[in-house]
Amino acid sequence: MGLPAGGYGRHEGQLTVGGIPVERLAARVGGTPFFVYDRELINRRVAAVRAALPGDVHLSYAVKANPMPALIQHMSGLVDGFDVASALEMRHALDTPTPAHRVGFAGPGKTVEDLSQAVAAGVTIELESELEIARVKRVSADLGIAARVALRVNPDFTMRGSGMRLGGGPQQFGIDSERVPDALASLAGADFDFQGFHVFAGSQNLRADNICEAQRGIAELVLRLADAAPGPVRYLNLGGGFGIPYFHRDRPLDLDRVGANLADLMDELIRPGLPEARIVVELGRYLVGEAGVYLTRVVDRKESRGKVFVVVDGGLHHQLAASGNFGQVIRRNYPIAVANRVDDLPDETVSVVGCLCTPLDLLGDDVALPSPGVGDLIVLFQAGAYGLTASPTAFLSHPPPAEVLI
Ligand SMILES: *Cc1c(COP(=O)(O)O)cnc(C)c1O
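Values in this document were obtained by computation on a predicted structure and should not be read as measured data. (Residues numbered from 1 in each chain as written. Predicted model: local features only at pLDDT ≥ 70, side-chain atom pairs only at ≥ 80, totals over all residues. Heavy atoms only, no water.)

Caption draft 1: Structural view of the UniProt feature "domain: Orn/DAP/Arg decarboxylase 2 C-terminal" (unreviewed entry) in the protein chain. According to UniProt, the "domain: Orn/DAP/Arg decarboxylase 2 C-terminal" (unreviewed entry) feature falls on residues 34–384. Across residues 34–384, the secondary structure splits into 30% helix and 26% strand, with the terminal C-alpha atoms separated by 12 Å. (UniProt positions renumbered as here; feature names shortened; annotations may be inferred. Helix = DSSP H or I, 4+ residues; strand = E, 2+ residues; numbered from the N terminus.)

Okay, structure coming up:
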């Protein structure tokens with residue numbers, strides 16, 4: 001079974017993460033199941049993005065992809081800012097050396113308490129609705145602090161080919177672009193520190209052409225909207241949407257192509273039209289998704305009417321996405337291997353299932369593996385983003401898995 005081209009090594013038949021064989025890791029962690037994230041793989045990925053994007057484009061990490069506090073700390077030394085979507089994510093970001101004004105707080109449904117903390121801390125609030133504008137106005141007045149704000153815009157187009165659409169058409173995210181001039185007018189007169197715009201059009205896109213087209217559309221849209229702004233645009237968040245390959249036929253994103261297109265856009269449109277703006281690309285899964293794996297041990301093997309089930313001590317309560325229940329339309333297998341026997345050839349077709357009492361707890365359906373036995377370690381790749389915190393850990397009341405950053 002081939003390993004994903006993620007930079008994982010092998011040592012005497014075992015998969016290694018950060019150079020450490022998985023059985024040694026399991027012993028150090030104190031048992032299975034667990035997640036392990038590799039700093040070096042994250043470093044390399046950030047370096048590759050930096051090398052591809054124009055030097056004056058800032059890189060922000062979308063914390064919800066993986067909010068492990070130690071990982072957020074590590075990211076702080078690598079990226080220029082954070083995108084957070086809750087008060088707790090914001091606090092973890094503020095616990096790092098990254099300055100508050102480089103933290104953007106987006107997301108629908110921010111409460112008065114959330115907004116008060118954000119205004120007091122001096123983070124950039126990405127305004128998601130007209131009511132939110134009114135709330136921030138009141139909070140600012142109450143605290144006597146001018147809120148740093150940007151408008152999140154729901155564009156009048158979508159990013160084609162996205163695994164998840166977060167812009168275009170009717171959306172709970174952002175303010176529809178045609179209503180933005182009125183929203184900008186409503187900022188006037190209040191004590192706002194207006195920064196600019198945030199446009200996030202889509203997520204999990206593997207086609208460079210689609211990302212290039214969306215970035216051009218965003219730049220053109222914001223140049224039109226900038227005329228109505230209460231001051232110069234000092235911040236433009238172009239979103240992200242860079243995808244990673246999860247499934248058999250997925251091809252990695254052509255990062256150089258995205259970078260070259262953005263360099264052209266910067267020259268043609270953005271620097272001339274918005275000379276004072278800090279330009280930001282915000283990425284979650286692209287930075288960390290391939291840098292993490294989930295390891296779980298085989299506890300049972302059984303045959304039922306001609307089908308072999310390999311039962312592991314983990315499951316969808318830790319790694320929901322691999323079961324196909326985190327937004328996938330058609331269930332397909334995440335990359336999977338027998339981690340303590342990576343040199344063995346596949347000789348059996350099995351279904352790897354978790355330990356929960358639901359048929360949804362399917363981690364690998366009819367996968368060819370070297371006949372997994374009780375005690376073997378199963379690894380699921382692409383587990384560094386939307387893994388543990390995107391899973392229903394309380395379901396079936398099993399203990400939580402460990403998470404380690406090495
Ligand atoms: C979730 C989210 C991201 C990160 O998406 P990825 O697919 O992980 O890169 C970025 N920006 C916003 C506003 C988000 O909500």
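Continuing now.
Caption draft 2: Examining the pattern of salt bridges more closely. Here the structure, examined in full by the defined rule, presents 21 salt bridges. The shortest N-O distance in the salt bridge between Arg-10 and Asp-343 comes to 2.9 Å. Of this pair, Arg-10 sits in strand 1 (residues 9–11) while Asp-343 is found in the loop between strand 18 (336–338) and strand 19 (348–353), placing the two residues 333 residues apart along the sequence. With relative accessibility at 44%, the residue Arg-10 sits in the partly exposed group. When the shortest N-O distance is used, the salt bridge between Arg-160 and Glu-213 registers 3.0 Å. One end of the pair, Arg-160, is in the loop between strand 9 (147–154) and strand 10 (164–165); the other, Glu-213, is in helix 8 (residues 208–226), with 53 residues separating them in the sequence. (Salt bridge = Lys/Arg side-chain N within 4 Å of Asp/Glu carboxyl O. Buried < 20%, exposed > 50% of the residue type's maximum accessible area, 1.4 Å probe, protein only.)

Caption draft 3: Local environment of the nonpolar core. Ranked by internal contacts, the top residues of the largest apolar core, which has 122 residues, are Tyr-61, Met-75, Phe-82, Phe-197, Leu-287 and Val-352. Top element by residues in this core is helix 8. It accounts for nine residues. Of the domains in this structure, domain 1 (9–37 + 290–405) and domain 2 (106–283) are the two that each give at least three residues to this core. Once you skip the residues sitting within four places of it in the chain, Phe-82 turns out to touch Ser-60, Tyr-61, Val-63, Ile-72, Met-75, Ser-76, Ala-93, Thr-96, Thr-98, Arg-102, Val-103 and Gly-104. (Core = buried A, V, L, I, M, F, W, Y, C linked by side-chain atoms within 4.5 Å. Domains from an automatic or database assignment. Contact = heavy atoms within 4.5 Å.)

Caption draft 4: Quick peek at the sheet that holds strand 2 (residues 14–17). Here three strands make up an open sheet; going across it, the order is 1-2-3 and the pairing antiparallel. Where the open sheet ends on each side, the last strands, each with one partner, are strand 1 and strand 3 (20–21). Pairing of strand 1 with strand 2 involves three bridges; the strand directions are antiparallel. Of the residues in strand 2, the one forming a bridge with Gly-9 is Thr-16. (Pairing = 2+ DSSP bridges.)

Caption draft 5: Quick look at the UniProt feature "domain: Orn/DAP/Arg decarboxylase 2 N-terminal" (unreviewed entry) in the protein chain. Mapped onto the present numbering, the UniProt feature "domain: Orn/DAP/Arg decarboxylase 2 N-terminal" (unreviewed entry) falls at residues 41–288. A helix fraction of 41% and a strand fraction of 19% characterise residues 41–288, whose end C-alpha atoms lie 8 Å from each other.

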